[in-house]
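Observations on the three-dimensional arrangement
Given next are the chains, with one letter for each unit.
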Amino acid sequence: MNTPSSKTVLTQGVLEKIFPSNRADQFFAALFGDASEGAYDIKLVYAGETDDQIDFEFQLKQRPGKCLVCNLTYGLPEVFKRHPVIDVAGVVRQIDSHLTDGKRCGEWTLGRTREISRTLHALALTVKLTSDNP
């Protein structure tokens, strides 16, 4: 019997429920007291998988009229790890609840900020997988 892969189960629609688009506004409201001060929107996207891990990205897309500069995003992995609004641990728990292939989410790590373009940066989220079976 074939079971769906994580890619099949973790569609962009599911990821948007796990990490809704309004989370960026909540994050900036917590940081600055005003969501409109935020320079970017945050989106969780699937980036691939192997037998023992699933890769995602938190994509930071520049907001109109704002500037997405490196100094705004390079310290984010440490901020994202601890910030209760971003709640990476909670995101991973929700991802885990969607897995159907006998795998479970284990340890996770955030990579360094990567500049894809002047208007798009990304932070890698790598989730190690463990098996339900001993």
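For the structure itself, look to the data block above.
What the rule picks out here adds up to 6 salt bridges. With a closest N to O distance of 2.7 Å, D25 and R63 form a salt bridge. A residue pair is termed long-range when its members are at least 10 positions apart, and D25 in helix α3 (residues 23-32) and R63 in the loop between β2 (53-62) and α4 (70-73) qualify at 38 residues. What makes R63 buried here is its relative accessible area of 10%. Ionic contacts of the salt-bridge type, sharing partners, join the residues D25, D41 and R63 into one network.

Here we come to the environment of R23. Looking at the element boundaries, R23 is found in helix α3. What makes R23 buried here is its relative accessible area of 11%. For R23 and S131, which are 108 residues apart along the polypeptide, the C-alpha to C-alpha distance reads 31 Å. Beyond its immediate chain neighbours, meaning those up to four positions away, R23 contacts I18, V85, I86, D87 and V91. At 3.3 Å, the side chain of R23 and the backbone oxygen of V85 are in polar contact.

So, on to α3. Where α3 is concerned, the buried positions are R23, A24, F27 and F28. Here the buried residues of α3 occupy an arc of 130° about the axis, which is enough to place them on one side. Check the buried side of α3 and you find it contacts α2 (12-18), β1 (40-50), α5 (76-82) and α6 (88-98). Phi turns positive one or two residues past the end of α3, at G33, with a value near 85°.

Criteria and cut-off values
- Residues numbered from 1 in each chain as written.
- Predicted model: local features only at pLDDT ≥ 70, side-chain atom pairs only at ≥ 80, totals over all residues.
- Heavy atoms only, no water.
- Salt bridge = Lys/Arg side-chain N within 4 Å of Asp/Glu carboxyl O.
- Helix = DSSP H or I, 4+ residues; strand = E, 2+ residues; numbered from the N terminus.
- Buried < 20%, exposed > 50% of the residue type's maximum accessible area, 1.4 Å probe, protein only.
- Contact = heavy atoms within 4.5 Å.
- Polar contact = N/O pair within 3.5 Å; in protein donor to acceptor, adjacent residues only side chain to side chain.
- Arc of directions from axis to C-beta.

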